[in-house]
Amino acid sequence: MNLISSEFLCFIVLLLISYFLVPRRFQWWVLLAGSLIFYTWSGPRNLVFIGLTALTSWAAGLLMDRIQNDHKQYVAAHKQELDRDAKKELRRKALLKRRAVMAAALVFNFGMLCVFKYLHFLIAQINGILAMFHGGAIVDTWQLIAPMGISFYTFQTMGYVIDVYWQKVPAEKSFPRMLLFTSFFPQVTQGPISDFTELTGELFAEHTYTYRNFSWGAMRMMWGFFKKMVLANSLASYVQDLFVNYPSYTGIAALIGAFGYSIQIYADFSGYMDIICGYCEILGIRLTENFQRPYFSKSIAEYWRRWHSSLGRWFRTYLYYPIAVAKWNRELGSRMEKRFGKAFGRALPASVALVAVWLTTGLWHGATWAYIAWGGVNGLFIIFSLWMEPVYANWKEKLHIPEESFWWRAFQVCRTFLLVTLIKVLPEVGTLKQGLGLWKQIFTNHTVPRYFAMLVPMAHKSYVQFLFICLGTVLLFAVSLIQRRQPVRQWLCDRVPYLVRILIFVLMFIVILYIGVPLVESTGGFMYAEF
Amino acid sequence: MQSFKQTLKTIGCFFLILILVMAIPLGGYICSETYLHQDAREREELAGTLDTFVLGASHAMRAVIPEVLDEEMGVNSYNLAFNLMTMQGRLELIKLEASRNPVKTIIVECSMDALTYNPNTEVLKGDQYTADRLGSFPKAISYLSRSIRFWHYPWLLYRYILMGCGTVEQFFKGEFRMRNVNQKKGYVPYYDESVRLGNTSLKKLKKVYQTVSRRPNVWEGNLKYLQEIFDFCREHEIDLILVTLPISERYVATYDNLNDTYLYYRKAAAENGVPFFDFNLHRQKTELLSDETAFRDRSHLSNEGAKVFIKMFVKTLNKLKNGEDALEDFYEDYPAMYAEQPYAH
């Protein structure tokens, strides 16, 4: 079920009514039923896979819990008989058992994810290698259609399994509750990838209907629909044209197109987040925020803490820290410190972890070399910044640059936006070669456009759409500026009279219907749903 | 409870402001050059003088030139056809015009869509256009309440919002005009005359010959309205003529079931003693109406094609008027026509 469809609107209205009509202790059952209906809509086959993920995670959690309890009970019962070494040995055995259970769950679920998302890529690489020796493809290439949201729900549930293993959260005893945690419909397709404690705390709490939740949630949903349907969808055809015909664009026109892509993907993804967070707000549920005004970041590392932050947090918690503090990595750092100095020795373990994180992030986004390169370039910039930090500090001191001055911050924000934009377009053009071709076009074609239409071709095609793109971008920027100080909805409620506020949203509604709805069929669904 | 009340108040305010905001552009849309409203006003001015009407969908709107009919046949005709007009819409407009004009002849275009459109499962712009053509707000509301199912009302609201916004856009582009000078007694030639379907080679026709099957899934309601048209004309002593307008040879060759629709109409016409002509079966159709010049797209005549077609049509009507056998210029049915086409062999 597409979020931009009349079916979805009917579905969420019915769900909302049912949610507040049933006794509060049964509210989460309504969510579960809704999630299963929503998910089944995408194809009953998919229900099997999400069910398997929920089942294996639930079983793994229970098993790890039981191993730990058995261990504790045994130690408590035999407290007098066991010496310190025996206790240590028992603890080690229990840990190994829990680790085996966790590993089995991880292998099964990540294995399923790999089969759906990466097997065809692997086969293509094998074919490529074999072709060098035999002169032709050996293995048949085929690709399975991945179940909806598999990347998101697999990461979310595996986070839970690891948390149970680390004993950060207790195992969930009820399977229906686990199923709801895995399949909660607003976030199953594109995240956010929530933490177990955070999400279940919201899902299983009893919620009361309030007008404030309704009005704030509805405002956010409307803003989300505007971002997606008017801004992102209007930009889609322009950006698509750039990606297909980039050799015919001048360097500056291609760069403007790339900026257009940056705005498109932000409006698309954050628009989705606004729609689902707004809806959950009406239900009384607070979801993890995925965006904290990312285009106002002063460095790439900061950008990635503010863009799709739930994925960043997952990688940080479950990949970066375990690698960074791993015994082998710390030993490697110590050895290098002795040989190359303190700074090198300290930065190395973090860099090793960053390389792993960014290559995995690239692969998570898509099974192509372009995405792997995209991850690599992001990692490279972050590692380079990490290593150059002392040098930069030295330069700033010598040049007397005040860290908090407006112009220095503005420079940092613009520089980061430019770099992020250039990195973003790399995998989106198609192959890695084409992505590099677009870069080449931007940096080497210095032709000065003679007409405005050469600079922004879309303005020539539909200037109504172009006008709304410009207005939407300005609005996006203004909202981000207001959000620096307070939530924009608070600002609206404080400063704008009730009827004027409604008028603003009526106008937004009309623009969505007039500009957005006709674009829905030609532009398809959300971009992040493909990941 | 207080929260629910406040929510309902906000939703109510939202829709009230929406209606107030849309009233201005919609007013512009209703008063401006749009074919529908201008057409309704024109017909009101001509009321009491018109004796011949043409009804049908876009094929008829683009094909029948009333001025030629008037000149060649000495009638005072009007083309009421518009995009996606339903059978119910045709009946409604016939009744309206018969109530204020000395109607002698009604020509109804017969297409497959007019039989298959089902208001329970789909909603057509044609119903909205028909409502607009009825000329008064109560008539439009009455028609819409009968033709559009209530679950399609949000779609209708959406359509009116689109039209209102379209008027605002026209205004800012400087294209807003109070009158469409292009429209002549309901006939609306294309603004851009250069667009053509293009030549269809014999090889291509052979390749596509009867490759697409589009079985008519006839909705009973349409047959009922067609019968009501027959009954109404009989009661009011109006001469009714059924016509299927020409479509491109590429289209005729592609579908394998045009004969099914033809037989539906032929049977209905025969049972009610009404003449029926399918111009795709006209013996000179391929010669006079070539895909290259006479068609704008697969199913609509170009301005040039309309000029040629109207002469063929007048000739047929004159033969009918003079008691001659007008059907001698037509093939018996589609199989008979295909048998003589080179692409069918």
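In this report, we go over the structure that sits alongside the text. (Residues numbered from 1 in each chain as written. Chains lettered and ligands numbered in written order. Predicted model: local features only at pLDDT ≥ 70, side-chain atom pairs only at ≥ 80, totals over all residues. Heavy atoms only, no water.)

Next up on the list: a nonpolar patch on the surface. A surface patch of nonpolar side chains, amounting to about 450 Å² of accessible area, comprises A:F384, A:Y392, A:W395 and A:L399. Assignment of secondary structure puts A:W395 in helix α16 (residues 369-399). (Patch = residues over 30% accessible without salt bridge, like charges linked within 9 Å, V, L, I, M, F, W, Y side chains within 5 Å. Areas by Shrake-Rupley, 256 points an atom, 1.4 Å probe, with all protein chains shown as cover. Salt bridge = Lys/Arg side-chain N within 4 Å of Asp/Glu carboxyl O. Helix = DSSP H or I, 4+ residues; strand = E, 2+ residues; numbered from the N terminus.)

Glancing now at the pairing of strand β3 (residues 105-109) of chain B. All names here are of chain B. Most of β3 sits inside the fold, with 5 of its 5 residues counted as buried. Of the two faces of β3, the one holding T105, I107 and E109 and the one holding I106 and V108 are both buried throughout. Examined bridge by bridge, strand β1 (residues 52-55) and β3 share 4 bridges and lie parallel to one another. Considered in β3, the bridge of T52 is made with T105. (Buried < 20%, exposed > 50% of the residue type's maximum accessible area, 1.4 Å probe, protein only. Pairing = 2+ DSSP bridges.)

Residues and elements named next belong to chain B. Pairing is parallel in the open sheet, where 5 strands are placed in the order β2-β1-β3-β4-β5. Whereas interior strands pair on both sides, the edge strands pair on one side only; in this sheet they are β2 (77-79) and β5 (276-278). Along the sheet, successive strands turn relative to each other by an average axial angle of 15 degrees, direction set aside. Each of β1 and β2 touches helix α4 (residues 66-73); the most contacted strand, β2, lies at about 160 degrees to it. Where helix α11 (residues 220-235) meets the sheet, it contacts β3 and β4 (239-244), and its direction lies at approximately 145 degrees from that of β4. (Axes fitted to C-alpha atoms, helices over the stretch in contact; angles between N-to-C directions. Contact = heavy atoms within 4.5 Å.)

This part covers unusual backbone geometry. All names here are of chain A. With a phi close to 45 degrees, R293 is a non-glycine residue in the positive phi region. Inspection of the secondary structure assignment puts R293 in the loop between α11 (251-283) and α12 (300-306). Even without a glycine there, the phi angle at H308 is positive, about 45 degrees. Mapped onto the elements, H308 comes out in the loop between α12 and α13 (309-324).

Residues and elements named next belong to chain A. Structurally, the position occupied by A232 is in helix α10 (residues 211-245). With a relative accessible area of 0%, A232 lands in the buried category. Along the chain, A232 and I265 lie 33 residues apart, while their C-alpha atoms are 6.9 Å from each other. Residues within four places of A232 in sequence aside, it is in contact with K227, Q264, A267 and D268.

A word on the nonpolar core. Inside soluble globular proteins, nonpolar side chains tend to come together where they are buried. Core analysis: the biggest nonpolar cluster contains 166 residues, and A:L31, A:F38, A:Y160, A:F184, A:I285, A:W307 and A:L438 have the highest contact counts within it. Examining the composition of this core, we find that 19 residues originate from one element, α11(A), more than from any other. When neighbours within four sequence positions are excluded, A:F38 is seen to be in contact with A:M1, A:L3, A:F8, A:F11, A:M148, A:F185, A:V188 and A:T189. The next biggest cluster of nonpolar side chains, apart from the first, holds 94 residues, and it includes B:A81, B:A98, B:C233 and B:Y251. (Core = buried A, V, L, I, M, F, W, Y, C linked by side-chain atoms within 4.5 Å.)

On to helix α16 (residues 303-321) of chain B, then. All names here are of chain B. Along its 19 residues, α16 runs 27 Å from first to last C-alpha, staying within 8% of the 27 Å computed at 1.5 Å per residue. Lining the buried residues of α16 we find α4, β3, β4, β5, α14 (285-288) and α15 (291-294). One or two residues past the end of α16 sits G323, with phi positive at roughly 80 degrees. (Expected span 1.5 Å × (residues − 1).)

We now examine the packing of aromatic side chains. Scanning the model with the defined rule gives 70 aromatic pairs over all chains in all. Pairing A:F152 with A:W364 gives two aromatic rings, centres 5.1 Å apart and planes at 90 degrees, and the pair type is edge-to-face. On the criterion of sequence distance, the pair formed by A:F152 in helix α6 (residues 150-165) and A:W364 in helix α15 (residues 342-365) is long-range, its members being 212 residues apart. The class of A:W364 is buried, set by a relative accessible area of 1%. Judged by centre distance (5.0 Å) and plane angle (55 degrees), the ring pair of A:W314 and A:Y318 falls under tilted. Highlighted residues: A:W314 and A:Y318, both in helix α13, separated by 4 residues, approximately one helical turn. Considered together, A:W314 and A:Y318 belong to a single accessibility category, that of buried residues. Over the ring of B:Y190 we find B:R62, and its NZ or CZ is 4.0 Å from the ring centre. (Phe/Tyr/Trp six-rings, centres within 6.5 Å; stacked < 30°, edge-to-face > 60°. Lys NZ or Arg CZ within 6 Å of the ring centre and 35° of its normal.)

What follows deals with the side chain of A:T288. Residues and elements named next belong to chain A. Secondary-structure assignment places T288 in the loop between α11 and α12. Given the relative accessible area of 14%, T288 is considered buried. Among the polar contacts made by the side chain of T288, one reaches the side chain of S194 at a distance of 3.4 Å. Engagement of the side chain of T288 in a polar contact is seen with the side chain of E198, the distance being 3.0 Å. Beyond its immediate chain neighbours, meaning those up to four positions away, T288 contacts P192, S194, E198, M273 and R313. (Polar contact = N/O pair within 3.5 Å; in protein donor to acceptor, adjacent residues only side chain to side chain.)

Moving on, we get to the interface of chain B and chain A. On the chain A side, the residues contacting the 20 residues of chain B number 20 residues. The largest contributions to the chain B side of the interface with chain A come from B:F14, B:I17 and B:Y158, which together make up 27% of the buried area. At the junction of chain B with chain A, the criterion picks out 0 salt bridges. In this structure, the connection of chain B to chain A is made through 5 residue pairs in polar contact (both at pLDDT 80 or more). Within the residue set of the side of chain B that touches chain A, elements represented by two or more residues are α1 (2-31) and α9 (153-173) of chain B. Here the side of chain B that touches chain A gets 13 residues from one element, more than from any other, and that element is α1(B). Of the residues contributing to the side of chain B that touches chain A, the split by class is 12 nonpolar, 5 polar and 3 charged. (Buried area = accessible area lost by both parts, 1.4 Å probe. Nonpolar A, V, L, I, M, F, W, Y, C, P; charged D, E, K, R; others polar.)

Moving on: the environment of A:D83. All names here are of chain A. With respect to the helices, strands and loops of the structure, D83 is situated in the loop between α3 (44-77) and α4 (84-117). A relative accessible area of 47% places D83 in the partly exposed class. Considering only alpha carbons, one finds D83 and D274, 191 residues apart in sequence, at a separation of 57 Å. Side-chain polar atoms of D83 contact the backbone nitrogen of A86, separated by 2.8 Å.

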